[in-house]
Amino acid sequence: MEKIAFLGLGSMGRPMAHRLLAAGHELTVWNRTAAKADLLAQDGAKVASTPAEAVRDADVVVTMLADPEAVHAVVDAMAPALKPGAHLIDMSSIGPQAFAEVAAKLPAGITAIDAPVLGSVDRAAAGELVLFVGGDPTPVQAVLERFGRITRCGGPSTGSALKIVAITAVIVGVTAVAEAVKLADTYGLPEDLVRAALGNSPVGGVTARAFAEGVHYPIRLAAKDVALATGSAELPLARTVHEQLTRLADSEQDLGKVVAQLRHTAV
Ligand SMILES: NC(=O)c1ccc[n+]([C@@H]2O[C@H](COP(=O)([O-])OP(=O)(O)OC[C@H]3O[C@@H](n4cnc5c(N)ncnc54)[C@H](OP(=O)(O)O)[C@@H]3O)[C@@H](O)[C@H]2O)c1
């Protein structure tokens, strides 16, 4: 099996890296905050102290980082150390433009595919993510399948584009559910009745996401994703949702907590 380097051990990266170890891959990990690698080290991962050290012997390099700035910083640090013929899989949600910029920096002979995901920490742990893949996944298909189901989107960057399209619709939808619940409060309707009515309506899916348990997609990351969308097209609704999200008091809470936070916000 290929030697794999995994960089970015946040809420999503940790369970994903654990799946690679559990499948028997030789795994080297790196994270900016080193302590997040402790449990993986206990389970047999090698821990590198720099991105370059992490990727030196790797056939496949996976990045799962917060935003475009993080991916640029990590790729800048590791690119000179990449092994000729290595494959980089960027699974971060950074949008098509940033992915193309990152791919353009790689040395000749390194292939890059974008494979951002839908699904949160629960699905990451279960290997049930939806992977939006841009470029040809064939050489790294076995690695990608450890994480979930592959949707081939087209050429490079198309996975990053579809991810931002899909997540923007989800975020706007969850925010719409939050406003519906706030409206129901002003009418004095019981929450159970409102949740059931929304759940059985065409917005049932986003209602389920708004009240989901065991998920952790912080509002700060949702705001980042909507900003990637509004930076690419004129989207008045998404722009308004972005303003709402950035005004909320606790951006570390899961996106679903927009319901509770908007409910108790006067504006
Ligand atoms: N959470 C979800 O439900 C979910 C679902 C689908 C997709 N995603 C996407 O997946 C990606 C990762 O999400 P997450 O929930 O794992 O985020 P997270 O918990 O915030 O972790 C972010 C990771 O990026 C690293 N990082 C941030 N800035 C950096 C920098 N300047 N240099 C180096 N490393 C940096 C963090 O390192 P430190 O540990 O040192 O901070 C951490 O490893 C994001 O693009 C997110 O939008 C998330």
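Residues numbered from 1 in each chain as written. Predicted model: local features only at pLDDT ≥ 70, side-chain atom pairs only at ≥ 80, totals over all residues.

Assigned domains within the protein: domain 1 (3-154) and domain 2 (162-263). Centre-to-centre, using C-alpha coordinates, domain 1 lies 28 Å away from domain 2. Taken together, the 12 residues of domain 1 in the interface contact 14 residues of domain 2. Residue classes in the side of domain 1 that touches domain 2 are distributed as 6 nonpolar, 4 polar and 2 charged. (Domains from an automatic or database assignment. Contact = placed C-beta atoms within 7 Å. Nonpolar A, V, L, I, M, F, W, Y, C, P; charged D, E, K, R; others polar.)

Near the ligand, the surroundings consist of 26 residues, among which Gly10, Arg32, Ala70, Ser120 and Tyr217 are the closest. For the shell around the ligand, the secondary-structure elements that each account for two or more residues are helix 4 (68-78) and helix 11 (219-230). Take the shell around the ligand: its biggest share by element is 4 residues, from helix 4. Considered class by class, the residues forming the shell around the ligand number 12 nonpolar, 10 polar and 4 charged. A domain-level breakdown of the shell around the ligand finds at least three residues from each of domain 1 (3-154) and domain 2 (162-263). (Near = placed C-beta within 6 Å. Helix = DSSP H or I, 4+ residues; strand = E, 2+ residues; numbered from the N terminus.)

Before going further, it helps to spend a moment on the environment of Thr230. You can see Thr230 is positioned in helix 11. Thr230 sits 140 residues away from Asp90 along the chain, and the two C-alpha atoms are 22 Å apart.

At Ser157, a position not held by glycine, the phi torsion is positive, near 85°. Among the secondary structure elements, Ser157 is positioned in the loop between strand 9 (148-154) and helix 8 (158-187).

Over its 12 residues, helix 11 runs 16 Å from end to end, which matches the ideal 16 Å to within 8%, given 1.5 Å per residue. Three or more residues of helix 11 are buried, namely Ile219, Leu221, Ala222, Ala223, Asp225, Val226, Leu228 and Ala229. Lining the buried residues of helix 11 we find helix 5 (95-104), helix 8, helix 12 (236-247) and helix 13 (258-263). (Expected span 1.5 Å × (residues − 1). Buried ≥ 20, exposed ≤ 12 C-beta atoms within 10 Å, placed from the backbone.)

This paragraph deals with the pairing of strand 2 (residues 26-30). Residues in a regular strand point their side chains to alternate faces of the sheet. Burial analysis of strand 2 places 4 of its 5 residues in the buried class, which makes it a mostly covered element. Across 5 bridges, strand 1 (residues 3-7) lies against strand 2 in parallel orientation. By the bridge assignment, Phe6 is partnered in strand 2 with Val29. Crossover strand 1 to strand 2 through helix 1 (residues 13-22) is right-handed. (Pairing = 2+ DSSP bridges. Right-handed = clockwise from strand over helix to strand, strands pointing away.)

Moving on to the packing of helix 5 against helix 8. Where helix 5 contacts helix 8, the two axes come as close as 7 Å, and the packing angle between them is 155°. Considering their axes alone, helix 5 and helix 8 lie roughly antiparallel with respect to each other. Our pair here, helix 5 against helix 8, has a crossing hand that is right-handed. Counted together, Gly95, Pro96 and Phe99 of helix 5 and Ser160, Ala161 and Ile164 of helix 8 form the full contact between these two elements. Tallied by class, the residues present in the contact of helix 5 with helix 8 amount to 4 nonpolar, 2 polar and no charged. (Axes fitted to C-alpha atoms, helices over the stretch in contact; angles between N-to-C directions. Parallel < 35°, antiparallel > 145°, perpendicular 65-115°, else oblique. Left-handed = near helix turned anticlockwise from the far one by under 90°.)

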